[in-house]
There are 2 protein chains.
Amino acid sequence: MKVIIIGGVAGGASAAARLRRISEETEIIMIERGDYISFANCGLPYHIGGVIKERDNLLVQTVKGMKERFNIDVRVKTEAIKIDTEKKVVILKNLETSEEYEESYDKLLLSPGASPIKPPIKGINDVDNVYTLRNMNDMDDIIEGLKTREAKRAVVIGAGFIGVEVAENLKHKGLKVSIIEKANQILTPMDFDIAAQLHLHLKEQEVELYLNNGVTEFRKNGDKTTVVLENGDFIDTDIVILSIGVRPEVKLVKEANLEIGETGGIKVNEYMQTSNKDIYAVGDAIEVNCFVSNKKILVPLAWPANRQGRLVADNMLGLKQNKYIATMGTAIAKVFDMTAASTGLNEKTLKRYGIKYRTLIVNKNDHAGYYPGSTPIVLKLVYNEETGTIYGAQGIGYNGVDKRIDVIATAMKGGIKAWDLQDLELAYAPPFNSAKDPINFFGYIAENIKNGELKHIEWHELKDLDPDKSVLLDIRTKEENMLGTIPGSIHIDLNELRKNLDKLNKEKEYIVYCAIGVRGFLAYRILVQNGFKARNLNGGYKFWYPTTV
Amino acid sequence: MKVIIIGGVAGGASAAARLRRISEETEIIMIERGDYISFANCGLPYHIGGVIKERDNLLVQTVKGMKERFNIDVRVKTEAIKIDTEKKVVILKNLETSEEYEESYDKLLLSPGASPIKPPIKGINDVDNVYTLRNMNDMDDIIEGLKTREAKRAVVIGAGFIGVEVAENLKHKGLKVSIIEKANQILTPMDFDIAAQLHLHLKEQEVELYLNNGVTEFRKNGDKTTVVLENGDFIDTDIVILSIGVRPEVKLVKEANLEIGETGGIKVNEYMQTSNKDIYAVGDAIEVNCFVSNKKILVPLAWPANRQGRLVADNMLGLKQNKYIATMGTAIAKVFDMTAASTGLNEKTLKRYGIKYRTLIVNKNDHAGYYPGSTPIVLKLVYNEETGTIYGAQGIGYNGVDKRIDVIATAMKGGIKAWDLQDLELAYAPPFNSAKDPINFFGYIAENIKNGELKHIEWHELKDLDPDKSVLLDIRTKEENMLGTIPGSIHIDLNELRKNLDKLNKEKEYIVYCAIGVRGFLAYRILVQNGFKARNLNGGYKFWYPTTV
Ligand SMILES: Cc1cc2nc3c(=O)[nH]c(=O)nc-3n(C[C@H](O)[C@H](O)[C@H](O)COP(=O)(O)OP(=O)(O)OC[C@H]3O[C@@H](n4cnc5c(N)ncnc54)[C@H](O)[C@@H]3O)c2cc1C
Ligand SMILES: Cc1cc2nc3c(=O)[nH]c(=O)nc-3n(C[C@H](O)[C@H](O)[C@H](O)COP(=O)(O)OP(=O)(O)OC[C@H]3O[C@@H](n4cnc5c(N)ncnc54)[C@H](O)[C@@H]3O)c2cc1C
Ligand SMILES: CC(C)(COP(=O)(O)OP(=O)(O)OC[C@H]1O[C@@H](n2cnc3c(N)ncnc32)[C@H](O)[C@@H]1OP(=O)(O)O)[C@@H](O)C(=O)NCCC(=O)NCCS
Ligand SMILES: CC(C)(COP(=O)(O)OP(=O)(O)OC[C@H]1O[C@@H](n2cnc3c(N)ncnc32)[C@H](O)[C@@H]1OP(=O)(O)O)[C@@H](O)C(=O)NCCC(=O)NCCS
């Protein structure tokens, strides 16, 4: 058996290693057009920032290591330029000598990844300091550019995970950084309301954030570039990082007439087989099924690439028929001192799909408040109110966000219902958690709603309230109220509510809120049990506030 | 409806708060013999150590707060001394005035907790510096004792979670601390091999650890006490903390002729109802079903107490019939710079129960090795090899142990099989994880074993090997080998193995090992595919080593 693998990083290298473990005899040839295999793409931003000090640490495995340990014929600086599916050969080009030659295969694996999108913005080819970041060479170029230009000013275009990570690292290096984003928020896997909490953090970090804004032109301006924005602003900068997304690498595949899916990714079946039975594909280049919606999606993340690479190896050898069913898209990023993470689908996507959902907001400390160092986490759960099916979750905070999102991703895999999250028995001691984990509260709240014991109102519904019918009721303490309240609210301290019921009007609906929703829930209970109409503000004042700034 | 709650802390206070949220009319009386309600038992060790600076922070809710916010009639310094189930009254005693009086109930909830075991060790009543720690007063006494005695030396008897936490905190305060433990390990929820890794850490922290040793006598020795050990050693100390476990508080219940279970805890049905239909019980005082074995067990932890308190409230009001099915016993403790956590059943318990199991050891970094600050985690999974059912897991490390144990606890709740752990899609970016989470590896390894692609040998089986039949084969690098190896091993670097196969003997079985099991697995694969008999050491050299010291 002779296997050729095109692409020597996450998916390709994982497959190669597994292939060898399973079969000592198989001839394995790994083709990589770049200079390196098995490098840590995900670490690139951090070496730019100097956080990862040693460049060599990014090389998880080397050509020599792959040869010695795994007996794999690795050919770097070699591009696969054509697949001949009839003859079952790949035409390879040695990029150093420009020599082209054929290599035959029994099975072929494609893990060519994705490439950064570079839109035809006016002037983009006239300036020489617009960079993208995908591989070691890109990183080296950026580091070189920063040095030779003695860069003080950077513009990052696109506020996805990579854009934000690069922004953080450039800031860490001492540059003044602006982020330009076309949408009204950073990090699209999150909803606006969750991202809004991060926008405040970026401000604290003195990163200039332009939302709802695009770039219309790059103008050469001596050594610098002037970035012209849609709103007419312009920024003179030493360096521009373009990080508006990636697109599957499908040139080879298209030319070989293999099927491309509706999303632009390579179409594969559940065994990772392309439309040609001897050719498999994995990683950023393929489209996958969405775990929640079952629709085709692109998920350019390392976990799926590694998982698929491992799994496809067995299938290619015909030893097993491992299925890859769907991707949840669990993702995480460090955003300066905070963490942002998500899994499954968010609210805006469900809305777009026309799927009915409900959201719950829980704002709790990562660990017991009385133990030093505890910090708040804001979590959002999106689920089906009738069936309890969890669609997804998002979270931000300083610590412990990864844990909560991982637990929810696991619960989703296990088919655990929203209200059954109250039964997750999670580890508690004061340095690590509270006796009830924030996730347990999702279960409690979902159950309360299911049982008709709680009615929520969402932050975005507040602006549509009819003041003749609804009264905003702030039940926090006087002190909290004085530091800022929702305009138009009346105030009664929760502890005084029972004594003041006679001042309220049974004809009106009371929109109760506290800081995070907990006291509001008790106030809601007091009101409805006394015959008043009421709803509790989901997430409370602290969740509403960042959405307004 | 009139409800009396006996015990005003975790279970009792949770029930009271929930009762009020659900019903504004119910008369709720909470009886607590101590001075405080709703305090953070779990924080007590950390205030002794000065880590939690403010004593008041331990008071999560106060009598005043409970009254004002929840309209609950809280009576502290009041002991319930008798339950008359016929008359449906409780006899209460005001501990300040010694006055006794009756209070009637429609429903009664017992959350009396557990009390520290104080065995009749010789001399225990002749010395005045042996303390136990359960509540605020105990804590105050210990702090007072430390101060007035100007304590420099402490002995902690019993190395359970509380003992170890207290030891850490006394060390933190500058005392020299010895821990005496009857078993061969600290923290019984862990297996010896996992605890062994912590024993080394305690040594590093300069805590003196006596294992396999008990206390036979306390002798008064001026202001100090001499603690005499089974092995004849003695230690002069200023203060002794006795933390050998707790026992359910069942005096009241016994006298009222309510049923006590086989474990000594109050017997309740799945609705938390005792043998008397109007009396419910929760928390440390009850026995529960073990999630894994379905046997009756005692689990004196805060999560179950809080969960049961919340759930029982609805049942008591007859609004719902919430079931509490079983407890997993997920637990965690900070052990100086490390964390130890576990969920479900461990190996030694399964062995005792005669349940067949297999264990897997994974030793991985908490996050990508190339990103600063990554540290190893050692995880142990215990599962059924035939069905894939996960029985439990344990973990130790510096960071991220809580996350992994919580994910496994969630997977267990979701009925996820051991081999399906490879499909958990967990959040990855370099500061938080690796592209494959350590838990994913459990899935991979379990699958490899299931498919006959891997055979393990356990560290404790090495001593029984017949040198005529088996060869220990260290396949690490020369440098690693020189720093320490398993006695009797031969050495061939993995990268040289293929070239040296002719030196090996097909009649022998090769016990391969590397540092953690990964390279060993590849070596195993090379050997068996070349016709050799082999097994890979589960957990590798690094797991074996601490078990030998
Ligand atoms: C800066 C950055 C940060 C990231 N951070 C994260 C993160 O924190 N978390 C996360 O989950 N994911 C992250 N990712 C995404 C992750 O790296 C990718 O999802 C993963 O590497 C995809 O694996 P792959 O094998 O499909 O593609 P790649 O790893 O990109 O490998 C594809 C390889 O194929 C080669 N190739 C393509 N075509 C040919 C050809 N015709 N001939 C020869 N060679 C060819 C390419 O040169 C490339 O090296 C990040 C990516 C980047 C760029
Ligand atoms: C030092 C320490 C550290 C701990 N750390 C952790 C940890 O990190 N994680 C964890 O999960 N768990 C921990 N625990 C355990 C946790 O605190 C308990 O599991 C939990 O408090 C049990 O709740 P409960 O309501 O059953 O009992 P308790 O919280 O003990 O409350 C029972 C109350 O009932 C009162 N009472 C009893 N009998 C009567 C009577 N007849 N009349 C009136 N009042 C009565 C008692 O005075 C007591 O205050 C720790 C416990 C201690 C002591
Ligand atoms: C490193 C790389 C080559 C993968 O190599 P790999 O040998 O498959 O590495 P892994 O650590 O994942 O696998 C180790 C093997 O040991 C096994 N293993 C792990 N722990 C074990 C243990 N304690 N006992 C026995 N076996 C164990 C695993 O199951 C796996 O074998 P399998 O896949 O045959 O089941 C590839 O992932 C890579 O190139 N990574 C860098 C690029 C990248 O991922 N970029 C994106 C993220 S930055
Ligand atoms: C504090 C204590 C009195 C419990 O009080 P509590 O009011 O039930 O507190 P919780 O925070 O758990 O519950 C808050 C309520 O708000 C709800 N809630 C939480 N977040 C919410 C949100 N964002 N929106 C709406 N409702 C929310 C919860 O569901 C819960 O209501 P429910 O139980 O009726 O469903 C009790 O746990 C206690 O005494 N603890 C200290 C003692 C102790 O636990 N010791 C051992 C550990 S150290």
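You'll find the structure just up there.
This text gives an overview of the structure that appears in the document. Note that this is a predicted model, so its numbers are computed, not measured.

## Side note on the overall build of chain A
The secondary structure content of chain A amounts to 15 helices and 30 strands. Taking 2.2 N^0.38 as the reference for a compact globule, 549 residues should give roughly 24 Å; the C-alpha atoms of chain A span a radius of gyration of 27 Å, in line with that estimate. Here the C-alpha coordinates of chain A stretch approximately 90 × 60 × 40 Å along the principal axes. The proportion of buried residues among the 549 residues of chain A is 62%. Sequence-distant contacts in chain A: of pairs separated by 6 or more residues, those separated by 24 or more amount to 62%. A total accessible area of about 20,900 Å² is found for chain A, and carbon and sulfur atoms account for 48% of it. Each charge class in chain A was averaged separately, 72 positive and 74 negative side chains, and the resulting centres sit 3 Å apart.

## Topic: the site of ligand 3
As a structural note, the neighbourhood of ligand 3 is formed by 32 residues, with Arg18(A), Arg21(A), Ser38(A), Arg310(A) and Lys436(B) the closest of them. Residues close to ligand 3 are split across chains A and B. The contact in question runs from a nitrogen atom of ligand 3 to an N or O atom on the backbone of Ile516(B), over 3.3 Å. A total of 960 Å² of accessible area belongs to ligand 3 in isolation, and the protein chains cover 91% of it. For the shell around ligand 3, the elements supplying multiple residues, two or more each, are helix H1 (10–22), helix H3 (63–70) and helix H8 (302–316) of chain A together with strand E23 (358–365), helix H11 (438–450) and helix H14 (518–529) of chain B. At six residues, the largest contribution of residues to the shell around ligand 3 is made by H1(A). Per-class residue counts for the shell around ligand 3 are 20 nonpolar, seven polar and five charged.

## As for the interface of chain A and chain B
Accessible area lost on assembly of the parts is the figure often given for the size of an interface. Taken together, the 80 residues of chain A in the interface contact 81 residues of chain B. Both sides together, the interface formed by chain A and chain B hides about 7,400 Å², and carbon and sulfur atoms give 55% of it. Inspection of the region where chain A meets chain B yields 14 salt bridges. Between Glu453(A) and Arg18(B) there is a salt bridge, with its nearest N and O atoms 2.9 Å apart. Run the count over chain A and chain B and you get 46 residue pairs in polar contact (both at pLDDT 80 or more). When contributions to the side of chain A that touches chain B are tallied by element, the ones reaching two or more residues are H1, H3, H8, strand E21 (331–335), helix H10 (401–413), helix H11 (438–450), helix H13 (494–497) and helix H14 (518–529) of chain A. Residue classes in the side of chain A that touches chain B are distributed as 36 nonpolar, 20 polar and 24 charged.

## Examining the relation of the copies chain A and chain B
Each copy superposes on the other: chain A lies on chain B with an RMSD of 0.0 Å after a rotation of 180° and an axial shift of 0.0 Å. Taken together, the rotation and translation describe the operation of a two-fold axis. Taking the C-alpha atom as reference, chain A places Gly414(A) closest to the rotation axis, 2.1 Å from it. Same-surface contact between copies: 100% of interface residues of chain A are shared with the interface of chain B.

## Remarks on helix H1 (residues 10–22) of chain B
Relative to the 18 Å expected for 13 residues at 1.5 Å per residue, H1(B) spans 18 Å between its end C-alpha atoms, a close match to the ideal helical length. For H1(B), the tally of buried residues reaches 12 of 13 residues, placing the bulk of the element in the interior.

## As for helix H5 (residues 161–172) of chain B
Residues and elements named next belong to chain B. End to end, H5 covers 16 Å across 12 residues, agreeing with the expected 16 Å (1.5 Å per residue, within 8%). Summarising burial for H5: nine of the 12 residues are buried, a large majority. Where H5 is concerned, the buried positions are Phe 161, Gly 163, Val 164, Glu 165, Val 166, Ala 167, Glu 168, Asn 169 and Leu 170. Two residues or fewer after H5 comes Gly 174, characterised by a positive phi angle close to 100°.

## Examining the site of ligand 1
Neighbouring residues of ligand 1: 31 residues in total, closest Gly11(A), Glu32(A), Ser111(A), Arg134(A) and Asp284(A). Nearby residues place ligand 1 at the junction of chains A and B. Within the contact set of ligand 1, an oxygen atom lies 2.8 Å away from a side-chain nitrogen or oxygen of Ser111(A). Protein contact buries 94% of the 990 Å² of open area that ligand 1 shows by itself. At the level of secondary structure, the elements contributing two or more residues to the shell around ligand 1 comprise H1, strand E4 (78–84), helix H5 (161–172) and H8 of chain A. The dominant element in the shell around ligand 1, judged by the number of residues it contributes, is E4(A), at three residues. Here the shell around ligand 1 is built from residues that sort into 18 nonpolar, seven polar and six charged.

## Digging into the sheet that holds strand E28 (residues 490–491) of chain A
All names here are of chain A. The sheet built from five strands is open, its strands ordered E26-E30-E29-E27-E28 with parallel pairing. Unpaired on one side and paired on the other, strand E26 (456–457) and E28 mark the two borders of the sheet. Alignment of strand E29 (residues 509–513) against strand E30 (residues 533–537), held across four bridges, turns out to be parallel. The residue bridging Val 512 from the neighbouring strand is Asn 536, located in E30. H14 contacts strand E27 (470–474), E29 and E30 of the sheet and is inclined by roughly 175° relative to E30.

## Brief notes about the sheet that holds strand E11 (residues 176–180) of chain B
Strand pairing within a sheet occurs via backbone hydrogen bonds; the two strands may be parallel or antiparallel. Residues and elements named next belong to chain B. In space, the five strands of this open sheet follow the order E9-E16-E10-E11-E12, with parallel pairing throughout. With partners counted over all chains shown, the strands left at the sheet margins are strand E9 (130–131) and strand E12 (208–210), one partner each. Most of the contacts of H5 go to strand E10 (residues 153–157), to which it runs at about 170°, and overall it touches E10, E11 and strand E16 (239–242).

## Quick look at the side chain of Arg404(A)
Residues and elements named next belong to chain A. Mapping Arg 404 onto the fold places it in helix H10. Take Arg 404: its relative accessible area is 1%, and that puts it in the buried class. A distance of 2.9 Å separates a polar atom in the side chain of Arg 404 from a polar atom in the side chain of Asn 433. Every residue in contact with Arg 404, bar those within four places of it in the chain, is listed here: Asp 366, Ile 377, Leu 379, Phe 432, Asn 433, Asp 437, Pro 438 and Ile 439.

## What about the packing of aromatic side chains?
In this structure the tally under the stated criterion is 14 aromatic pairs over all chains. Note on Phe441(A) and Tyr444(A): the rings are 6.1 Å apart at their centroids and 55° apart in plane angle, and the pair reads as tilted. Of this pair, Phe441(A) and Tyr444(A) both sit in helix H11, separated by three residues, roughly a single helical turn. By the ring-pair criterion, three or more aromatic residues cluster together here, those being Tyr513(A), Tyr541(A), Trp544(A) and Tyr545(A). Sitting over the face of the ring of Phe532(B), Lys506(B) holds its NZ or CZ atom 5.0 Å from the ring centroid.

## A look at the environment of Asn536(A)
All names here are of chain A. Relative to the helices and strands, Asn 536 resides in strand E30. Placed 114 residues apart in sequence, Asn 536 and Gln 422 show a C-alpha to C-alpha distance of 20 Å. Apart from the residues within four sequence positions on either side, Asn 536 is in contact with Leu 454, Lys 455, His 456, Ile 457, Val 512, Tyr 513, Gly 517, Gly 520, Phe 521 and Tyr 524. In this structure the side chain of Asn 536 is engaged in a polar contact, spanning 3.0 Å, whose partner is the backbone oxygen of Gly 517.

## Some details on unusual backbone geometry
Residues apart from glycine generally show negative phi values, whereas peptide bonds are mostly found in trans. All names here are of chain B. Non-glycine residue Glu 150 carries a positive phi angle of around 45°. Tracing the chain through its elements places Glu 150 in the loop between helix H4 (136–148) and E10. The class for Glu 150 is exposed, based on a relative accessible area of 60%. Unlike most non-glycine residues, Phe 336 shows phi in positive territory, near 55°. Mapped onto the fold, Phe 336 is located in the loop between strand E21 (331–335) and strand E22 (338–344).

## Things to note about the environment of Asp314(B)
The residue Asp314(B) is located in helix H8 (residues 302–316) in this model. Leave out the neighbours within four places in its chain, and Asp314(B) touches Arg18(B), Ile22(B), Leu319(B), Lys320(B) and Asn322(B).

## Concerning the pairing of E4(A)
Residues and elements named next belong to chain A. Note that E4 and strand E5 (residues 89–94) share six bridges and pair antiparallel. Paired with Thr 78 across the strands is Asn 94, a residue of E5. Remark: four residues form the turn of the hairpin made by E4 and E5, two consecutive strands paired antiparallel; Lys 88 in that turn has positive phi of roughly 55°.

Conventions adopted
Residues numbered from 1 in each chain as written. Chains lettered and ligands numbered in written order. Predicted model: local features only at pLDDT ≥ 70, side-chain atom pairs only at ≥ 80, totals over all residues. Heavy atoms only, no water. Helix = DSSP H or I, 4+ residues; strand = E, 2+ residues; numbered from the N terminus. Rg over C-alpha atoms; globule rule 2.2 N^0.38 Å. Buried < 20%, exposed > 50% of the residue type's maximum accessible area, 1.4 Å probe, protein only. Contact = heavy atoms within 4.5 Å. Areas by Shrake-Rupley, 256 points an atom, 1.4 Å probe, with all protein chains shown as cover. Lys, Arg positive; Asp, Glu negative; His and termini not counted. Charge placed at Lys NZ, Arg CZ, Asp CG, Glu CD. Near = heavy atom within 4 Å. Polar contact = N/O pair within 3.5 Å; in protein donor to acceptor, adjacent residues only side chain to side chain. Nonpolar A, V, L, I, M, F, W, Y, C, P; charged D, E, K, R; others polar. Buried area = accessible area lost by both parts, 1.4 Å probe. Salt bridge = Lys/Arg side-chain N within 4 Å of Asp/Glu carboxyl O. Least-squares fit on C-alpha atoms with pLDDT ≥ 70 in both. Expected span 1.5 Å × (residues − 1). Pairing = 2+ DSSP bridges. Axes fitted to C-alpha atoms, helices over the stretch in contact; angles between N-to-C directions. Phe/Tyr/Trp six-rings, centres within 6.5 Å; stacked < 30°, edge-to-face > 60°. Lys NZ or Arg CZ within 6 Å of the ring centre and 35° of its normal.

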